[in-house]
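Listed here are the chains, written in short residue letters.
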Amino acid sequence: MVTQSVDTAECEAGGKLFVALKGSASTSEEAIRICANTLQANGCVTEKFADDCLNREKEYPTGICCETPVALPHCQSDAIRRDALCYLRLDEPVSFYRMDDPEDAVMTRHVFNLAIAPGQHLEFLTKTIRLLQDNTVLDRFTTMTSNQIASYLAEHLA
Amino acid sequence: MKSSVKVLVACGSGVATSTVAQEKVKQIAADAGIPVQVFKGTISEVPTKQYDVDVVLTTANYKKPLDRPYMTVFPLISGINKDACAKKLVDLLKAVQAE
């Protein structure tokens, strides 16, 4: 069963909700469900969102081999009520299949679950991808509190 | 010689990485002085939409045969080898433009 993290923080900026939490999962599916449940608890998505992300992940996985590997599970879904980003920092890495090579996998502790309705969102997405590529920031995320991370995301991505 | 090169940028959902890659492709083409028209789509649309464009670019893995010139622009998302990817893209766009 998916466990809910105790250390969860939210920060709102630019019409989007930024959520950060710590958690543990043994599979990518568990990690995605933790994020999706948290976004649901915050009213950003409906229950269907988790399955929509998981279905997309099976066909088009989102593990990214950056300097520090990350995963960017997301989907195009009518289950999105409000644009949001949920960052889950895992205590132990889980395996995500790779976006550029679905037969290979990466181990990551950094899961960024995106809930955005179709549209351009260009600035937000560009900043998010830039953040994923920045291993110095990701390394800092491992020691920051969820509150600090949520504020950081809101300040730098919105 | 084409007046502009039509480019399809596709990713798994057509929401996130293709949006970012589309913008980076526009920038790379502009820097190289190659006029492009960039369209966005999903991987599942590639087999049909390829016929509306001159070049197909994807951020996710694509291994099926295509009738249009194709390359991956995944390095523009991961940041690893992005300069080499940009150079290869410019060469591809120039070759297609000259056709």
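Here, the structure is the one placed above.
Being a predicted model, the structure only gives us computed values, none of them experimental.

K.L.:
Which parts of the structure should I look at to understand the overall build of chain B?
P.N.:
Within chain B, the regular secondary structure consists of four helices and four strands. Overall, chain B shows an N-to-C arrangement of helices and strands of β-α-β-α-β-β-α-α. Relative to a compact globule of 99 residues, whose C-alpha radius of gyration would be 13 Å, chain B shows 12 Å and is just as compact. In terms of principal-axis extent, the alpha carbons of chain B reach across some 30 × 30 × 20 Å. Out of the 99 residues belonging to chain B, those deemed buried represent 55%. Considering only contacts in chain B between residues 6 or more positions apart, those separated by 24 or more positions represent 59%. By element, 52% of the accessible surface of chain B is carried by carbon and sulfur atoms, the whole surface being about 4,400 Å². Averaging the positions of the 13 positive and the 9 negative side-chain charges in chain B gives two centres separated by 3 Å.

K.L.:
I would appreciate a short explanation of the packing of aromatic side chains in the present structure.
P.N.:
Given two aromatic rings, their pairing is described by the distance between the two centres and the angle made by the two planes. All names here are of chain A. All told, the structure shown has five aromatic pairs over all chains when counted by the stated rule. With a centroid separation of 4.8 Å and 50 degrees between ring planes, the pair formed by tyrosine 87 and phenylalanine 112 is classed as tilted. Here tyrosine 87, found in strand β5 (residues 84-97), pairs with phenylalanine 112, found in strand β6 (residues 105-115); they are 25 residues apart in sequence, far enough to count as distant. The residues tyrosine 87 and phenylalanine 112 share a single accessibility class, namely buried. When the ring of phenylalanine 141 is compared with that of tyrosine 152, the centres are 5.5 Å apart and the planes differ by 85 degrees; the resulting orientation is edge-to-face. Note that phenylalanine 141 is positioned in helix α4 (residues 135-141) and tyrosine 152 in helix α5 (residues 146-157), a separation of 11 residues in sequence. For phenylalanine 141, a relative accessible area of 0% corresponds to the buried category. Given a relative accessible area of 14%, tyrosine 152 falls into the buried group. Put simply, the rings of Tyr87, Phe112, Phe141 and Tyr152 pair up and form one aromatic cluster. The lysine or arginine in question, lysine 16, covers the ring of phenylalanine 124, its NZ or CZ lying 4.8 Å from the ring centre.

K.L.:
Could you clarify how one ought to interpret the environment of glycine 43 of chain A in this entry?
P.N.:
Residue and element names in this part refer to chain A. Following the sequence through the fold, glycine 43 ends up in the loop between α1 (28-41) and α2 (48-59). Classification of glycine 43 as partly exposed rests on a relative accessible area of 43%. Between the C-alpha atoms of glycine 43 and methionine 107, which are 64 residues apart in sequence, the distance is 30 Å.

K.L.:
Which parts of the structure should I look at to understand the pattern of salt bridges?
P.N.:
A side chain with one charge may pair with a side chain of the opposite charge, provided their charged atoms come close. Taken as a whole and assessed by the stated rule, the structure comprises 13 salt bridges over all chains. Glutamate 23 of chain B is the salt-bridge partner of lysine 26 of chain B, the closest N and O atoms lying 3.8 Å from each other. Highlighted residues: lysine 26 of chain B and glutamate 23 of chain B, both in helix α1 (residues 17-31), separated by three residues, approximately one helical turn. A salt bridge links aspartate 91 of chain B to lysine 87 of chain B; the nearest nitrogen and oxygen atoms lie 3.5 Å apart. Taken together, the positions of aspartate 91 of chain B and lysine 87 of chain B, both in helix α4 (residues 82-98) and four residues apart, correspond to about one turn of that helix. Residue lysine 87 of chain B is classed as exposed on the basis of its relative accessible area, which comes to 55%. Taken together, the salt bridges that share partners define one network made up of Glu29, Arg33 and Asp51 of chain A.

K.L.:
Mind showing me how you'd approach the environment of threonine 62 of chain A here?
P.N.:
All names here are of chain A. Mapped onto the secondary structure, threonine 62 falls in the loop between α2 and β3 (63-64). For threonine 62, a relative accessible area of 0% gives the class buried. C-alpha of threonine 62 to C-alpha of aspartate 101: the two residues are 39 residues apart in sequence and 9.8 Å apart in space. The contacts of threonine 62, once residues within four sequence positions are left out, are Arg56, Glu57, Val70, Ala71, Leu72, Pro73, His74, Phe96, Tyr97 and Met99. Side chain to side chain, threonine 62 and glutamate 57 meet in a polar contact 2.8 Å long.

K.L.:
Looking at this structure, how should I read the interface of chain B and chain A?
P.N.:
Quite often, the size of an interface is put as the accessible area lost when its parts meet. Contacts between chain B and chain A engage 22 residues on the former and 24 residues on the latter. Considering only the side of chain B, the residues that lose the most area to chain A are Val15, Asn61 and Phe74 of chain B, jointly responsible for 27% of the buried surface there. Our count for the contact surface shared by chain B and chain A stands at zero salt bridges. On inspection of chain B and its partner chain A, the count reaches five residue pairs in polar contact (both at pLDDT 80 or more). For the side of chain B that touches chain A, the secondary-structure elements that each account for two or more residues are α1 and α3 (75-78) of chain B. Here the element with the most residues in the side of chain B that touches chain A is α1 of chain B; it accounts for five residues. Considered class by class, the residues forming the side of chain B that touches chain A number nine nonpolar, 10 polar and three charged.

Rules behind the numbers
Residues numbered from 1 in each chain as written. Chains lettered and ligands numbered in written order. Predicted model: local features only at pLDDT ≥ 70, side-chain atom pairs only at ≥ 80, totals over all residues. Heavy atoms only, no water. Helix = DSSP H or I, 4+ residues; strand = E, 2+ residues; numbered from the N terminus. Rg over C-alpha atoms; globule rule 2.2 N^0.38 Å. Buried < 20%, exposed > 50% of the residue type's maximum accessible area, 1.4 Å probe, protein only. Contact = heavy atoms within 4.5 Å. Areas by Shrake-Rupley, 256 points an atom, 1.4 Å probe, with all protein chains shown as cover. Lys, Arg positive; Asp, Glu negative; His and termini not counted. Charge placed at Lys NZ, Arg CZ, Asp CG, Glu CD. Phe/Tyr/Trp six-rings, centres within 6.5 Å; stacked < 30°, edge-to-face > 60°. Lys NZ or Arg CZ within 6 Å of the ring centre and 35° of its normal. Salt bridge = Lys/Arg side-chain N within 4 Å of Asp/Glu carboxyl O. Polar contact = N/O pair within 3.5 Å; in protein donor to acceptor, adjacent residues only side chain to side chain. Buried area = accessible area lost by both parts, 1.4 Å probe. Nonpolar A, V, L, I, M, F, W, Y, C, P; charged D, E, K, R; others polar.

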